[in-house]
Amino acid sequence: MSTSALRRPSWTQPRVLRTEVLAGLVVALALIPEAISFSIIAGVDPRVGLFASFTMAVTIAVVGGRPAMISAATGAVALVVAPLVRQHGLDHLVLAVLLGGALQVALGLLGVARLMRFVPRSVMTGFVNALAILIFIAQVPYFVGVPWAVYPVAATAIAIMVLLPRVTTAVPAPLVAVLVLTTATALAHLALPDVGDQGALPDSLPSLFWPDVPWTWQTLTTVAPYACGVAVVGLLESLMTAKLVDELTDTTSRKSREAWGQGVANIVTGVFGGMGGCAMIGQTMINVRSGARTRLSTFLAGTFLLVLVVGLGDLVAMIPMAVLASVMVMVTVATFDWHSVRPSTLRRMPRSETAVMVVTVVVVIATHNLAIGVVAGVIVAALLFARRVAHLVTVVRSLEEDGARVRYTVVGELFFASSNDLVGQFSYGEDPADVVVDLSSSHVWDASTVAALDAVSTKYAARGKTVRIEGLNDASAAMHDRLAGRLGAEA
């Protein structure tokens with residue numbers, strides 16, 4: 001049994017069970033306005049987003065690979081499918097969710113989760129910081145152009161969440177803030193924006209749904225780009241969130257299972273007419289910060305959501321948005337990596353690492369799409385890494401005493417970025433007829449390097465001189481033997 005498995009608690013323990021139940025309830029309350037807002041972004045009825053959040057959370061609790069992570073309807077997926085809904089309606093949306101889910105299952109089984117190893121820490125830090133900023137920006141409208149009473153209510157909510165944990169952690173502070181301030185505002189008859197103002201809550205259970213679309217090639221070509229968007233954006237955000245939770249909880253997750261589990265959850269959601277979704281970093285942070293560590297909290301978050309909106313809709317509608325927005329503000333404060341922006345940290349950190357973090361944050365905020373920001377960050381990180389490594393290659397020329405032979409010793413990793421300048425490192429006109437290129441301290445990584453070596457040999461051959469390449473390790477020799485002279489290199 002792994003160390004991480006030993007550290008992961010069992011929900012059968014009374015203390016753990018209480019924590020999981022209360023955390024699930026807090027998450028469910030936070031999901032309601034978010035699901036309604038994302039439904040509006042996607043251009044569908046609020047019921048579509050609420051039911052999607054229920055089916056996603058309950059399904060991923062069973063099939064997912066990251067315990068305590070919350071999946072539901074998300075803004076990223078809403079942005080992807082909104083144009084499809086505007087042009088073709090709900091049925092095409094559901095078909096896109098079903099196809100996107102199937103694609104996620106396929107990608108998960110193919111091991112796409114292993115690509116997460118190529119996401120550097122600076123991108124991860126940018127992802128977290130951008131996420132915190134987006135969560136905060138999403139709360140701003142609830143504090144602008146509202147009655148004055150919103151501000152003392154919000155301040156009180158924040159005070160409860162800051163001070164209560166210093167007294168007791170038996171009950172999650174956000175839940176206490178919601179219950180106390182909802183009761184207080186109702187008794188005081190304060191007219192504040194509440195959950196009910198965000199949209200109509202459903203009064204019945206979700207039912208099976210099958211898209212009524214023409215089953216033609218044209219329909220497939222119309223839906224396919226959006227299905228790919230749902231799959232890629234959903235997987236990227238979910239796997240990034242899973243990696244973040246791994247770090248916060250000092251446990252490991254099964255990324256491949258999480259990948260295909262997201263697909264299964266989207267397929268189930270589509271079958272019930274939902275808008276699809278993926279991991280929700282904000283609600284996941286609420287869950288984890290509340291102490292939840294097992295699948296039970298995720299399952300209960302979905303279950304409580306359905307019970308609250310269907311069975312207790314009238315009471316849920318009374319919750320002031322100022323309180324829920326304050327909960328999310330506190331999540332923002334806890335999520336942002338403040339250490340990463342301290343002057344002392346920025347002075348010590350390589351400029352390239354800081355640049356990658358900044359690019360990730362800026363692109364995410366500009367596009368409001370975490371997936372695009374992460375891709376941009378990874379690309380910039382790869383370019384900067386290639387640039388840095390390219391300058392680590394050195395070529396040392398040594399002429400033998402009799403002047404009959406010259407040896408060039410190449411030190412460093414040879415790939416497209418570092419080998420482009422290799423051709424210019426040789427003295428073709430001055431060298432004797434016998435030239436040795438020693439690669440015992442190098443490694444040939446790609447065809448670009450083989451082409452560069454071919455160009456060197458060709459230039460010497462044009463002057464009647466011979467070149468011997470020595471010191472290749474087995475992998476480099478195999479690539480060189482396979483490609484040398486077959487890449488069309490010219491002098």
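Cut-off values and rules
- Residues numbered from 1 in each chain as written.
- Predicted model: local features only at pLDDT ≥ 70, side-chain atom pairs only at ≥ 80, totals over all residues.
- Heavy atoms only, no water.
- Helix = DSSP H or I, 4+ residues; strand = E, 2+ residues; numbered from the N terminus.
- Buried < 20%, exposed > 50% of the residue type's maximum accessible area, 1.4 Å probe, protein only.
- Areas by Shrake-Rupley, 256 points an atom, 1.4 Å probe, with all protein chains shown as cover.
- Pairing = 2+ DSSP bridges.
- Disulfide = S-S within 2.5 Å.
- pLDDT = per-residue confidence, 0-100.
- Contact = heavy atoms within 4.5 Å.

A few words now on the overall build of the protein chain. The helix and strand inventory of the protein chain stands at 20 helices and 6 strands. Taking the principal axes of the C-alpha coordinates as reference, the protein chain spans close to 100 × 60 × 50 Å. Here the protein chain, with 491 residues, has 53% of them falling under the buried criterion. A total accessible area of about 22,000 Å² is found for the protein chain, and carbon and sulfur atoms account for 64% of it.

Turning our attention to unusual backbone geometry. One non-glycine residue, alanine 68, lies in the positive phi region at around 75 degrees. Along the chain, alanine 68 falls in the loop between helix H3 (46-63) and strand E1 (71-72). You can call alanine 68 buried: its relative accessible area is 1%.

Bringing the pairing of strand E4 (residues 405-414) into the picture now. As paired elements, strand E3 (residues 394-399) and E4 share 6 bridges and run antiparallel to each other. The partner of arginine 397 across the bridge, within E4, is tyrosine 408. Here E3 folds back onto E4 in antiparallel fashion, the turn holding 5 residues, of which glycine 403 has a positive phi close to 75 degrees. The pairing of E4 with strand E5 (residues 434-444) spans 9 bridges and is classified as parallel.

Below, the discussion takes up the state of the cysteines. Applying the stated criterion to the full structure yields 0 disulfides. We note that cysteine 228 lacks a disulfide partner, and the nearest cysteine sulfur, in cysteine 278, lies 16 Å from it. The partly exposed category is assigned to cysteine 228, whose relative accessible area is 38%. Of the residues examined, cysteine 278 reaches a relative accessible area of 0% and is grouped as buried.

Caution is warranted with low-pLDDT regions, since their predicted coordinates should not be read in detail. On average, residues of the protein chain score 87 in pLDDT, and 97% of them are at 70 or above. Confidence over residues 1-6 falls short of pLDDT 50; this stretch has 3 contacts with residues more than four positions distant or in other chains.

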